[in-house]
Amino acid sequence: MKAVIPAAGYGTRLLPATKSQPKEMLPVVDKPAIQYVIEEAVASGINDILVITGRGKRAIEDHFDRSFELESSLKDSEKHDYFEQIRSIADLADIHYIRQKELNGLGHAIYTAKKYVGSEPFVILLGDIIVNNGNPCTKSLIDLFNSNKAPVVGVERVSMEKVDRYGIVDAKKINETTYKIKGLIEKPSPNESPSNLAIFGRYVLTPDIFDCIEHTTPGKNGEIQLTDALNLYLKKTDLYAYEVSGDRYDIGSKIDWLKANIEIALKREDLAEELRQYLALLNLEPKVINDKVTVKEQK
Ligand code: G1P
């Protein structure tokens, strides 16, 4: 399968940090956020990826390219580990780029991938959502797609006050993790929301979605929404929701970006101990529950 990663948005919520650099390039510990997304795609068996960029996003292309000067200076020095790391980034996958020339919603962005996708099913990973989980969640979505022979949208439960930040699905539970979708609504108010199952940022779809996007009229914020196109798509196909596990961070949100840095660093051998001591100094205690690290304030 091919993957499409939309990464054209402005990152307004993180200004001024994103004035002249893409939000997807902000570091989470020591890697840009989008590298986690691309590594998730690769770990899910995907090696052909289209990144949808826009003006001001060239740093993304540079990051996944060779850097001969840097490589040769690292190779000839003591810093061989860095050399291996830097060299391997350019070989992660076949990465292609296309620009979304005007920002007119997620559906509009995905439509730019029509030619690249061709006639096969494909995966969408939102470029500003990273997941901290042992198992790549995209792989679970692909497995469900293959067993049901039907498209899948990743979802997670959110609190009712937050439904207006997400696409929300109206769905019937089939088993522990799977639901059959009956309808979708983009960023509903809590009182019009059919559930608290929120679209997570990972999708496995078929090329029929492009025809649906063509027929989608501007929705929330006057933009072409992928969620609205999925409502049309439902008339052509069964559509499932898979409840994704793992910690999800929206890198475009300041608080999520901070949490991602702390929680991912707490899982790193080279950083965990020192960070833990620092958090203890602040009277905070990191907790590990079912392999999920969270930082809880001490009572
Ligand atoms: C987009 C989608 C929304 C989804 C969300 C996940 O919204 O339109 O359906 O729930 O991503 O992060 P955005 O966050 O780009 O406004």
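Since the structure is predicted, the reported quantities are computational estimates derived from the model, not experimental observations.

1. A closer look at the overall build of the protein
In terms of helices and strands, the protein carries 11 helices and 15 strands. Dimensions of the protein, computed from the C-alpha atoms along their principal axes, are close to 60 × 50 × 40 Å. Buried residues in the protein amount to 46% of all 299 residues. Taking the contacts inside the protein whose residues are at least 6 apart along the sequence as the reference set, 73% of them involve residues at least 24 apart. Summing over all exposed atoms, the protein offers an accessible surface of approximately 15,500 Å²; the carbon and sulfur share of this is 49%. Within the protein, the 45 negative side-chain charges are centred at a point lying 5 Å from the centre of the 40 positive side-chain charges.

2. Describing the nonpolar core
Ile5, Val28, Ile34, Ile38, Ile49, Val51 and Ile130 are the most contacted members of the largest nonpolar core, which has 39 residues in total. Counting residues per element, this core draws most heavily on helix H1 (residues 33-43), at six residues. Sequence-distant contacts of Ile5, defined by excluding residues within four places in its chain, comprise Ile34, Val37, Ile38, Ile49, Leu50, Val51, Ile52, Leu125 and Gly127. Listed in part, the 34 residues of the second largest apolar core include Phe122, Leu126, Ile213 and Ile224.

3. Some thoughts on the site of the ligand
All residues in the neighbourhood of the ligand are listed as Leu106, Leu126, Ile129, Tyr166, Gly167, Glu186, Lys187, Ile199, Gln225, Thr227 and Arg248. One of the side-chain N or O atoms of Arg248 is found 2.6 Å from an oxygen atom in the ligand. Alone, the ligand offers 380 Å² of accessible surface; in the complex the protein occludes 78% of this. Classifying every residue of the shell around the ligand by side-chain character gives five nonpolar, three polar and three charged.

4. Here we look at the pattern of salt bridges
Per the stated rule, a full pass over the model turns up 16 salt bridges. Ionic pairing is found between Glu214 and Lys114, a salt bridge with its closest N-O pair at 3.4 Å. In this pair, Glu214 sits in helix H8 (residues 208-214) while Lys114 sits in helix H6 (residues 114-117), placing the two residues 100 residues apart along the sequence. Accessibility expressed as a relative area gives 44% for Glu214, which makes it partly exposed. Between Arg268 and Asp270 there is a salt bridge whose closest N-O contact spans 3.0 Å. Accessibility expressed as a relative area gives 23% for Arg268, which makes it partly exposed. The structure contains a network of salt bridges with shared partners spanning Arg66, Glu71, Arg87 and Asp91.

5. A closer look at the side chain of Asn261
Tracing the backbone shows Asn261 in helix H10 (residues 254-265). The exposure class assigned to Asn261 is buried, which follows from its relative accessible area of 18%. Engagement of the side chain of Asn261 in a polar contact is seen with the backbone oxygen of Trp257, the distance being 2.8 Å. Among residues more than four places away in sequence, those in contact with Asn261 are Pro27, Val28 and Val29.

6. Some thoughts on the packing of helix H3 (residues 68-75) against helix H4 (residues 80-89)
Where H3 meets H4, the axes come as close as 8 Å, and the angle between the chain directions of the two elements is 155 degrees. Taken together, the axis directions place H3 and H4 in an arrangement best described as roughly antiparallel. Seen from above, H3 lies across H4 with left-handed handedness. Only His80, Tyr82, Phe83, Ile86 and Arg87 of H4 make contact with H3, whose side of the interface consists of Leu70, Glu71, Leu74 and Lys75. The class makeup of the residues in the contact of H3 with H4 is five nonpolar, one polar and three charged.

7. Side note on the environment of Gly219
In this fold, Gly219 is placed in the loop between H8 and helix H9 (226-233). Here Gly219 falls in the partly exposed class, since its relative accessible area comes to 27%. In this structure, the C-alpha to C-alpha distance between Gly219 and Lys267, residues 48 residues apart in sequence, is 40 Å.

The rules behind the values
- The residue count restarts for each chain, going from 1 along the sequence in the order it is written.
- Selection of residues for local features in this predicted model requires a pLDDT of at least 70, selection of side-chain atom pairs for listing and counting requires 80 or more, and totals for whole chains, interfaces and linings are taken over all residues.
- For the side-chain quantities, the full set of heavy atoms in the structure was used; hydrogens and water were omitted.
- Strands here are runs of E lasting at least two residues and helices are runs of H or I lasting at least four, both read from the DSSP assignment and numbered beginning at the N terminus.
- Burial classes: relative accessible area under 20% of the type maximum marks a residue as buried, over 50% as exposed, and values in between as partly exposed (1.4 Å probe, protein chains only).
- Contact between two residues is taken to exist if any of their heavy atoms lie within 4.5 Å; hydrogens are not considered.
- Note on areas: Shrake-Rupley, 1.4 Å probe, and residue coverage restricted to the protein chains presented here.
- Counted charges follow a simple rule, with Lys and Arg positive, Asp and Glu negative, and His plus the chain ends left uncounted.
- Taken as the charge centre is NZ of Lys, CZ of Arg, CG of Asp or CD of Glu, depending on the residue.
- The set of buried Ala, Val, Leu, Ile, Met, Phe, Trp, Tyr and Cys residues whose side-chain atoms join them within 4.5 Å is what this entry labels a nonpolar core.
- When we say a residue is near a molecule or strand, we mean one of its heavy atoms is within 4 Å of it.
- Pairs of N or O atoms within 3.5 Å make up the polar contacts considered here, provided that, within protein, one atom can donate a hydrogen while the other can accept it, and that residues adjacent in sequence are counted only when both atoms are side-chain atoms.
- Basically, the charged four are Asp, Glu, Lys and Arg, the nonpolar ten are Ala, Val, Leu, Ile, Met, Phe, Trp, Tyr, Cys and Pro, and anything else, Gly included, counts as polar.
- Take a side-chain nitrogen of Lys or Arg and a carboxyl oxygen of Asp or Glu: if they are within 4 Å of each other, that pair is a salt bridge.
- Simply put, an axis is a line fit to the C-alpha atoms, just over the touching stretch for a helix, and the angle between two N-to-C directions goes from 0 to 180 degrees.
- For this classification, under 35 degrees means roughly parallel, over 145 means roughly antiparallel, 65 to 115 means roughly perpendicular, and everything else is oblique.
- Handedness of each helix crossing follows the sense of rotation of the near helix against the far helix: counterclockwise by less than a right angle gives left-handed, clockwise gives right-handed.

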